[in-house]
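# Report on the structure
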Amino acid sequence: MRSWAGNLSGSSLIHPQRTSIHPGERSDCRKIAGQVGLAGSQFATQYIKSQNGKPHFYEKPVVESFEEAPLHVMVFTYMGYGIGTLFGYLRDFLRNSGIEKCNAAVEREEQKDFVPLYQNFENFYTRNIYMRIRDNWNRPICSAPGALFDVMERVSDDYNWTFRFTGRIIKDVINMGSYNFLGLAVRYDESMRTVKDVLEEYGVGVASTRHEMGTLNKHKELEDLVAQFLNVEAAMVFGMGFATNSMNIPALVGKGCLILSDELNHASLVLGARLSGATIRIFKHNNMQSLEKLLRDAVIYGQPRTRRAWKKILIMVEGVYSMEGSIVNLPQIVALKKKYKAYLYIDEAHSIGSVGPTGRGVVEFFGMDPQDVDVFMGTFTKSFGAAGGYIAGRKEFHSQGAPRMSRSSPADSAEEQDLVDYLRVHSHSAVYATSMSPPIAEQIIRSMKFIMGLDGTTEGLKRVQQLAKNTRYFRQRLNEMGFIIYGNEESPVVPLLLYMPGKVAAFARHLLNRKIGVVVVGFPATPLAEARARFCISAAHTREMLDTVLEALDEMGDLLHLKYSRNKKSARPELYDETSFELDD
Amino acid sequence: MATAAEQWVLVEMVQALYEAPAYHLILEGILILWIIRLLFSKTYKLQERSDLTVKEKEELIEEWQPEPLVPPISKDHPALNYNIVSGPPSHSIVVNGKECINFASFNFLGLLDNPRVKAAALASLKKYGVGTCGPRGFYGTFDVHLDLEDRLAKFMKTEEAIIYSYGFATIASAIPAYSKRGDIVFVDRAACFAIQKGLQASRSNIKLFEHNDMADLERLLKEQEIEDQKNPRKARVTRRFIVVEGLYMNTGTICPLPELVQLKYKYKARIFLEESLSFGVLGEHGRGVTEHFGINIDDIDLISANMENALASIGGFCCGRSFVIDHQRLSGQGYCFSASLPPLLAAAAIEALNIMEENPGIFAVLKEKCRRIHKALQGISGLKVVGEALSPAFHLQLEASTGSREQDAKLLQEIVRQCMDRSIALTQARYLEREEKCLPPPSIRVVVTVEQTEEELEKAASTIKEVAQAVLG
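Calculation rules
- Residues numbered from 1 in each chain as written.
- Chains lettered and ligands numbered in written order.
- Predicted model: local features only at pLDDT ≥ 70, side-chain atom pairs only at ≥ 80, totals over all residues.
- Heavy atoms only, no water.
- UniProt positions renumbered as here; feature names shortened; annotations may be inferred.
- Helix = DSSP H or I, 4+ residues; strand = E, 2+ residues; numbered from the N terminus.
- Contact = heavy atoms within 4.5 Å.
- Buried area = accessible area lost by both parts, 1.4 Å probe.
- Salt bridge = Lys/Arg side-chain N within 4 Å of Asp/Glu carboxyl O.
- Nonpolar A, V, L, I, M, F, W, Y, C, P; charged D, E, K, R; others polar.
- Phe/Tyr/Trp six-rings, centres within 6.5 Å; stacked < 30°, edge-to-face > 60°.
- Buried < 20%, exposed > 50% of the residue type's maximum accessible area, 1.4 Å probe, protein only.
- Lys NZ or Arg CZ within 6 Å of the ring centre and 35° of its normal.

Per an unreviewed UniProt entry, the recorded name for chain B is Serine palmitoyltransferase 1, and the organism is Myotis myotis. Its UniProt record, at the heading Cofactor (unreviewed entry), says of chain B: "pyridoxal 5'-phosphate". As recorded by UniProt, the Sequence similarities (unreviewed entry) comment attached to chain B reads in full: "Belongs to the class-II pyridoxal-phosphate-dependent aminotransferase family."

### Comments concerning the UniProt feature "transmembrane region" (unreviewed entry) in chain B
Residue and element names in this part refer to chain B. Per the UniProt record, the feature "transmembrane region" (unreviewed entry) sits at residues 20-40 and 161-179. Between the C-alpha atoms that bound residues 20-40 the distance is 29 Å, and the span itself is 90% helix and 0% strand. Spanning residues 161-179, this segment combines 63% helix with 21% strand, and its end C-alpha atoms are found 19 Å apart.

### Re the interface of chain A and chain B
Listed per partner, the contact involves 122 residues of chain A and 117 residues of chain B. Taken over both partners, the interface formed by chain A and chain B buries close to 10600 Å², and the fraction arising from carbon and sulfur atoms is 65%. Across the contact surface, chain A and chain B share five salt bridges. Across the pair B:E58 and A:R296 runs a salt bridge, and its minimum N-O distance is 3.3 Å. Residues that form the side of chain A that touches chain B fall into these classes: 65 nonpolar, 29 polar and 28 charged.

### With respect to the packing of aromatic side chains
Each aromatic ring pair is described using two quantities: the centre-to-centre distance and the angle formed by the ring planes. By the definition in use, this model includes 24 aromatic pairs over all chains. Here the aromatic rings of A:F114 and B:Y265 are separated by 6.2 Å at their centres, their planes lie at 75°, and the arrangement is edge-to-face. Remark: B:Y265 occurs in helix α11 (residues 257-267) and A:F114 occurs in the loop between α4 (71-96) and α5 (124-133); the pair is interchain, linking two chains. A:F114 sits in the buried class, given a relative accessible area of 5%. What makes B:Y265 partly exposed here is its relative accessible area of 26%. Pairwise contacts between aromatic rings join A:Y118, B:Y178, B:F241, B:F272 and B:F323 into one cluster. Here the guanidinium or amino end of B:K126 rests over the ring plane of A:Y188, the centre of that ring lying 5.3 Å away. Looking at B:R287, its charged tip hangs above the ring of B:F155, at a distance of 5.6 Å from the centre.

Structure below.
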């Protein structure tokens, strides 16, 4: 168990006054809001509210836990892989010598003399281990991915090489796998009327790029709303979340720049960094010592060999890490970034809409100022129940010679320029990729307005609060049961460690039999010995659903011996069992 | 007993010392001193060390000033002033408040505002909502996706198809799924940006050949063959790929597929074919360039296309033999790590495929229209038509450059602007000038769709002619 609550308040890097805002700054904001044509007054009031209307999280203990597995579990896990590998060799031998029939697709007869398309060892793991348990992935569903969904039953007659649909549908499976944090991915209802209208008016495609003939007024409307939602001055949206990273990072950094990337960053960030041509260095997951060391060395020693100073340093982190359930240590990263004049790129794919008192992501979660982050990136796939991604950031209006607006922080040097406008011109996506489908854009607009309360209700806010409540309840109960749970206690992504590959399959199959759909992940998405199940909590989960799942997990934990945790069980009484009191008795 | 023995050994040693010759003792003494010296002496002088003091480090940190995150950009940059389309970007389009006929969107078959497509999407919206909330692996596989993959495979007459949620990501993910560091990719100079990015991500060895120049490709393949003979061990594991486009986005030309297939078997290189423009356009049934040339589709290792042009939806697909395609389900980055395609977009693509299958005549109509405007645009003084007569997207380039790219672009932009005033919506082909491997010259891209009537085609041609004469004359 590690906690960074202590060093948060104690660290000299953190200035408590950062969260207070100066009167001058506030009026600047209003000015900016007026200039970009947002609803000026609303922008300003929200800004103040989000700064003053809630407790500061600096004093709040933030607990993240990554409990280590007992030694015997590790030994058995590696033994499991060892046995799997031995049998893999045996099966490969049988297949190669024609004793066992090989079900894999084969190369065309005409191309047998070509250089093989795949290296044999590349596919060893897939063929011999993944294949045994692959029925637990890619399970097709045939309903909206809401709190309950319908799974299409399939069976395999050849040990998972091919699947056959039985035609039966497993109805109302509890969905613990989809990233439907706020429960906004549901089948059509009246609240989606605008999406239907847009679909009927615009059709689904765009057939052109943003630069050519694909900038619709819907896109403008959405971009203004995203900026307003995030409390920044400008935003740009893209048609795919993955591509938002991989096609925009190269526009921001290049040769002679340094990217400091968290070791657990998503594949899209890694790809974007690689495509940019910048030097990439990896720091340990959420480890500030590791990051500071890299930053210090980078600034002091410059580029390798030439010793030239780096042009710029970009720190790339995620808000909530999807496989660990951890939340980025933002206050310290911001402090480090300011100290070493680096830029901060934060991928809020899993945190936007799902953390923070009003769902504005990790910046709000920590009660910080959006101005502290240079590049906000996020996706609309998860909380908003749509598709696509955005990049947002500051916009500064100073022409040559005009006096600059006052800024409190020295890191905002005079050269700070307009991120979003720059991307409008240089983003690979804006020039070469088809823009976002209009009904998808409308779904995001609708969801965002709902979360912001612009639809005139507080339903959106209630959803965000419900999600936080569900998350705490679920995590606490799992902890009490003695499972090893990773991550931050407020993160709606809940990884439950299974370790052994055999248990991965048993776990997922048993739970599907009990009409619970879970996501299990193993190597290569996690370290070899840390296979896990990952639950995504949704605001749409009712207490009954969560209790059903928890009950099943409790039994499963006993059946499969999954309760590895050696932490003392909580002595606290169960806080959330009001429903089980029978008052009439 | 033991102690007595030890004492005895010690005594023996002392005795041996007495008996040893003097020179031996001296030599050993010197050696011992030498070792002590080596152990304690410093191999370098202190003042020569370059370790920075803490203060110096702090100063360095204090002094370092990074470049701004993004360079300044002037507000009147041409790319900042996008055309804003109000309402659907279909046949008749409202650009910057002015109603025009659309000659800019790749809506070749006019399916973008087809009522059947909309109805199918709507039915899907009612059943599934909008988002999928997960990648294909984690409950992001809907029955609609499986249907669409099935339909695409059947339509293209291949074993398997795989869909991506973004057209650009399709070929950009497919290439690095197969071609790794050390492999060799032969690629046409005019290849589009998505291919370039895919190649970059693959970190393979890239060899560019002149656009559509088979002799040049053969020269490179021969060179490689000679290279391979020198190092047969390495050649046995070096995969070779040829990456081409069916209809080139940047030039509007068709690849010489029959020759490519011959070269493929002669030099044992696999062909990856990007068909974003040719899918739903070329061939009797719109199956693309393989059907156009009557090539057996199994001779092409992988075909990729997006569903954003002819199908007027969003996303892309790859198709080919299962042996090849199935690999992407675990190795295609844009497939594994991205949320799946919203079901309503998949449903729209299925319905668009239905329409294509029901009206095979539509492709002949499109070709006829392409020929017509192509012919009508010949002979404009100052502008030349670049691209095949049957390509629905082709380019108008300046016959003679002014010498500066910026100036050329300005002239073309003026033509575009004046055409727009006269209700013909056109656009320049946009490129990232610093990022493109082989930057094509500035051009206006004209896109033909089946919805454009003969009069509209005539009108567009005559408008472009008149405006070009006024601007360039």
